[in-house]
Amino acid sequence: LRLFELNTIANVQEQASLTLDNIDAERILTILSCTSTPAIRAGEGASVTIRDNTWNQVLNWGTTLAGVVSDPAISGQKANSLIIENSRFIRGNSAGGFIWWEGDAFDSEVLIVSSELSEVGGIIVTGNARTHMVNSLWATKALTQPFEGERLVNQSSQPMTIEASTLLFNEGSCNIPCQIE
C-alpha cells in the first residue's frame with residue numbers, strides 16, 4: 001500500500017491493535033486544522049506493529065521544550081506495545097521527536113528490530129514501557145548539530161536496552177579545508 005501526502009495514518013482506539021505491513025508512506029504532513037498531530041496515535045491499552053514499512057519525510061511542526069517533544073510522528077498514550085520490524089524511516093520530523101511512547105502496564109514495550117531510523121528525530125519512552133532496540137540504526141541529521149529533540153530518552157520505570165545497533169550522532173563541524181560550499 002502506498003500512502004502519499006496524508007495528514008495522518010491511523011488513530012488506534014483504546015484496547016485496539018493495528019498492524020501496518022508493507023506500507024510505503026511518503027510526505028506525510030502531520031497537521032490537521034492548523035494543529036500538529038501524530039501520524040499514528042495509539043490510545044490507552046492499544047498496540048501498534050509496523051512491519052516491512054518505508055516512510056520517507058514524515059513531517060510535523062510541533063515544538064520541543066526542555067527536551068520534551070510535542071506531537072511526535074508516532075505517539076502512544078498509556079498504550080501497550082509498539083513493535084517496529086524490518087522498516088526504514090528516513091528524513092522525518094522537523095520538530096525533533098519521532099516516537100513518544102507512554103507505556104501503561106508492566107508488559108508495555110517499544111521493540112525496534114532490524115530497522116533504520118535516519119534523520120527522523122528522537123525517541124522518548126515514559127511510564128512503564130520496556131524498550132529494546134536490536135540490529136538497528138538510529139542517526140541524527142547529517143552536517144548539522146543535533147538539536148534538542150534528537151535524543152534517546154528513557155523516562156520509563158523499565159530499562160532501555162540497545163544491542164547490536166548503531167547510534168550515529170552527526171556533528172556538523174569541521175576544519176576549514178573540509179567545509180562544504
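Note that the coordinates shown come from a computational prediction; the quantities given were computed from them, not determined experimentally.

Q: What's the story with the overall build of the chain in this structure? I'm lost.
A: Helix and strand content of the chain: zero helices and 23 strands. Buried positions account for 45% of the 181 residues belonging to the chain. A separation threshold of at least 6 residues defines the contact pool for the chain, and within that pool the share at least 24 residues apart is 72%. By element, 50% of the accessible surface of the chain is carried by carbon and sulfur atoms, the whole surface being about 8700 Å².

Q: For this particular structure, what's the right way to read a nonpolar patch on the surface?
A: Taken together, the side chains of Ile162, Leu167 and Phe169 define a hydrophobic patch exposed on the protein surface, amounting to about 240 Å² of accessible area. Within the secondary structure, isoleucine 162 sits in strand S22 (residues 160–163).

Q: I keep staring at the sheet that holds strand S8 (residues 47–51) and nothing clicks. Help me out?
A: Pairing between the strands of a sheet comes from backbone hydrogen bonds, and it takes one of two forms, parallel or antiparallel. The strand order across the open sheet formed by six strands is S3-S8-S13-S16-S19-S22, and the pairing between neighbours is parallel. In this open sheet, the two edge strands, each paired with only one partner strand, are strand S3 (17–21) and S22. The average angle at which neighbouring strand axes cross in this sheet is 5°, direction not considered. Pairing geometry for strand S19 (residues 130–134) and S22, over four bridges, is parallel.

Q: In this structure, what is going on with the sheet that holds strand S18 (residues 122–127)? I would like to understand it.
A: Taken in spatial order, the six strands line up as S2-S7-S12-S15-S18-S21 in an open sheet, and their pairing is parallel. Single-partner strands in this sheet number two, and they are strand S2 (10–12) and strand S21 (152–156). The average undirected angle you get between the axes of adjacent strands in this sheet is 5°. Across three bridges, strand S7 (residues 40–42) lies against strand S12 (residues 74–79) in parallel orientation. What sits directly across from alanine 42, in S12, is glycine 76.

Q: Would you mind showing me how to read unusual backbone geometry here?
A: Peptide bonds are mostly trans, and most non-glycine residues show a negative phi. One non-glycine residue with positive phi stands out, namely arginine 27, at about 55°. Mapped onto the secondary structure, arginine 27 falls in strand S4 (residues 24–29). By relative accessible area, arginine 27 is classed as partly exposed at 28%. Positive phi is not limited to glycine here, since aspartate 52 has a value of about 55°. On the secondary structure map, aspartate 52 appears in the loop between S8 and strand S9 (54–59).

Q: Where do I start with the pairing of S12 in this structure?
A: Regular strands have side chains that alternate between both faces of the sheet. In this sheet, strand S15 (residues 97–103) lies alongside S12 in parallel orientation, the contact comprising four bridges. Residue pairing in the sheet places alanine 79 in a bridge with glycine 103 of S15.

Q: Help me understand the pairing of S4 in this model?
A: Pairing analysis gives three bridges linking strand S1 (residues 2–4) to S4, with the strands arranged parallel. Each residue of the ladder has a partner; that of phenylalanine 4, found in S4, is glutamate 26. Pairing of S4 with S9 involves five bridges; the strand directions are parallel. Within S9, the position partnered with aspartate 24 by the bridge is threonine 54.

Q: Would you mind going over the side chain of threonine 131 with me for this structure?
A: Its place among the elements puts threonine 131 in strand S19. The class for threonine 131 is buried, based on a relative accessible area of 4%. Every residue in contact with threonine 131, bar those within four places of it in the chain, is listed here: Val110, Val125, Pro159, Met160 and Thr161.

Q: Whenever I open this one, the environment of valine 12 confuses me. Can you help?
A: In this fold, valine 12 is placed in strand S2. Note on valine 12: relative accessible area 5%, which makes it buried. Residues valine 12 and glycine 43 lie 31 residues apart in sequence; the distance between their C-alpha atoms is 5.9 Å. Once residues within four sequence positions are removed from consideration, valine 12 is found in contact with Ser17, Leu18, Arg41, Ala42, Gly43, Ala46, Ser47 and Val48.

Conventions we followed
Residues numbered from 1 in each chain as written. Predicted model: local features only at pLDDT ≥ 70, side-chain atom pairs only at ≥ 80, totals over all residues. Heavy atoms only, no water. Helix = DSSP H or I, 4+ residues; strand = E, 2+ residues; numbered from the N terminus. Buried < 20%, exposed > 50% of the residue type's maximum accessible area, 1.4 Å probe, protein only. Contact = heavy atoms within 4.5 Å. Areas by Shrake-Rupley, 256 points an atom, 1.4 Å probe, with all protein chains shown as cover. Patch = residues over 30% accessible without salt bridge, like charges linked within 9 Å, V, L, I, M, F, W, Y side chains within 5 Å. Salt bridge = Lys/Arg side-chain N within 4 Å of Asp/Glu carboxyl O. Pairing = 2+ DSSP bridges. Axes fitted to C-alpha atoms, helices over the stretch in contact; angles between N-to-C directions.

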